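Structural overview
The chain contents come next:
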Amino acid sequence: MDAPEGERLQKILARAGFGSRRKAEQIIAAGRVSVNGKVAELGVRAAPATDELAVDGIVISVNPDLVYYLLNKSAGVISTVSDPQGRPTVVDLLPRNPQIHPVGRLDSETEGLLLLTNDGSLTHRLTHPSHGVEKEYLAQVRGDPSRGAVRQLREGVELDDGMTAPAKVSLKGPSMIRIVIHEGRNRQVRRMCDAVGYPVERLVRTRIGSLRDPQLEPGSWRELTVSELRTLEKDAGVADEPA
Ligand code: URA
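Predicted model, so just to flag it, every value in this text is computed and none were measured.

**A look at the site of the ligand**
Around the ligand sit Leu 106, Asp 107, Thr 110, Tyr 137, Arg 187, Gln 188, Val 189, Arg 190 and Leu 203, and that is every residue in its neighbourhood. Within the side chain of Asp 107, one N or O atom sits 2.7 Å away from a nitrogen atom of the ligand. Taking Thr 110, its side chain carries an N or O atom lying 3.0 Å from an oxygen atom of the ligand. Here the ligand loses 96% of its free accessible area of 240 Å² to cover by the protein chains. When each cavity is represented as a set of grid points, the ligand is found to reside in the largest pocket. Examining the composition of the shell around the ligand, we find that 3 residues originate from one element, helix H5 (residues 188–195), more than from any other. Domain assignment of the residues forming the shell around the ligand places at least three in each of domain 2 (68–129 + 213–235) and domain 3 (134–208).

Below, the structure written as C-alpha cells:
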C-alpha cells in the first residue's frame with residue numbers, strides 16, 4: 001500500500017474532494033482513512049489506480065481513470081450496453097472511451113435519471129439490495145388512485161416474485177403518484193401500480209439516492225461533480241458491512 005511510487009494520501013484525498021491538503025491531513029491524523037483495510041497514518045502513500053481507500057469505513061473512488069455520467073434517458077432508448085435488435089442504447093449517447101455500463105436499468109419506455117460508469121465497485125454497492133439506495137419515480141397512471149391503493153403501495157404489494165418492501169408513496173396530482181423504492185426488481189413500479197389497479201402510462205425516475213437534476217434536458221447527460229460522487233458513495237455506504 002505504501003509503495004514509494006505511490007502518491008501521498010493527502011494529495012489523493014484533496015483531489016477527490018475532501019478539501020485542502022491540510023484538511024485531508026487532519027482527516028488522516030484522526031484515523032478516519034484506511035488503505036486496503038488498514039488505518040492509514042500521515043505519510044502513507046497509495047496508488048490511486050489499485051489501492052482501496054476508505055473514509056469512515058466507506059470505500060471512495062479515487063482512480064482518475066474512472067468516469068461517472070448522469071443521463072436523462074428518453075423513452076425508447078434501451079439501457080443495456082448493446083441490443084441484439086439494433087435499437088439505440090444509452091451507451092450510444094455517451095463518450096465511447098472508456099467503456100462504461102449503466103448502473104441498474106430503466107425499461108425502454110421509462111424516462112429519467114440513469115447513472116453510467118466504469119466503476120464496478122460503486123456499481124455493485126449501489127445495486128446491492130442490502131444498501132437500499134432510494135430511487136424516486138413519478139408515475140402517471142390510468143385512473144385516480146384511491147387512498148386504499150396508495151396505502152397498499154406504501155405497505156407492500158404481492159407480486160409474482162414476492163411482496164414488495166414498504167415504499168414512500170404520495171399523490172402529486174389526480175393521476176400522478178410519487179413513489180420511492182429501494183429495491184431494484186424488474187419493472188417494479190409498473191408491476192406495483194398494475195397490482196393495485198392503476199396501470200402506469202408514463203414513468204420518470206427523478207432521483208437516485210440524493211442525486212437529482214431537474215435542469216438536465218431529456219436525452220442529455222453530464223459528468224457527476226466531485227461532491228455528488230462523494231454523496232453517492234455515502235448513500236451506497238459500506239460502513240455497516242463487516243470488515
Ligand atoms: N420500475 C419500473 O417499472 N420500470 C423502471 O424502469 C424502473 C422501475
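**Considerations on the pairing of strand E10 (residues 135–141)**
Within E10, 5 of the 7 residues are buried, leaving the element largely enclosed by the surrounding structure. Across 6 bridges, the pairing between E10 and strand E14 (residues 176–181) is antiparallel. Among the inter-strand pairings, Ala 139 is bridged to a residue of E14, identified as Ile 177. Bridge analysis of E10 against strand E15 (residues 200–208) gives 7 bridges, and the strand direction is antiparallel. If you follow Tyr 137 over to E15, its bridge partner there is Arg 205.

**Remarks on the domain arrangement of the chain**
We note that the domain assignment places domain 1 (7–57), domain 2 (68–129 + 213–235) and domain 3 (134–208) within the chain. Centre-to-centre separation of domain 2 and domain 3, based on C-alpha positions: 22 Å. At the junction of the two partners, domain 2 supplies 12 residues and domain 3 supplies 10 residues. Taken over both partners, the interface formed by domain 2 and domain 3 buries close to 990 Å², and the fraction arising from carbon and sulfur atoms is 40%. At the boundary of domain 2 with domain 3, the tally comes to 4 salt bridges. Ionic pairing is found between Arg 187 and Glu 109, a salt bridge with its closest N-O pair at 3.2 Å.

Here is what the cut-offs are and how they apply
- Residues numbered from 1 in each chain as written.
- Predicted model: local features only at pLDDT ≥ 70, side-chain atom pairs only at ≥ 80, totals over all residues.
- Heavy atoms only, no water.
- Near = heavy atom within 4 Å.
- Polar contact = N/O pair within 3.5 Å; in protein donor to acceptor, adjacent residues only side chain to side chain.
- Areas by Shrake-Rupley, 256 points an atom, 1.4 Å probe, with all protein chains shown as cover.
- 1 Å grid on protein atoms, 1.4 Å probe; cavity = no way out; pocket = protein on both sides within 12 Å on 5 of 7 lines; lining within 4 Å.
- Sits in = over half its atoms within 2 Å of the grid points.
- Helix = DSSP H or I, 4+ residues; strand = E, 2+ residues; numbered from the N terminus.
- Domains from an automatic or database assignment.
- Buried < 20%, exposed > 50% of the residue type's maximum accessible area, 1.4 Å probe, protein only.
- Pairing = 2+ DSSP bridges.
- Contact = heavy atoms within 4.5 Å.
- Buried area = accessible area lost by both parts, 1.4 Å probe.
- Salt bridge = Lys/Arg side-chain N within 4 Å of Asp/Glu carboxyl O.

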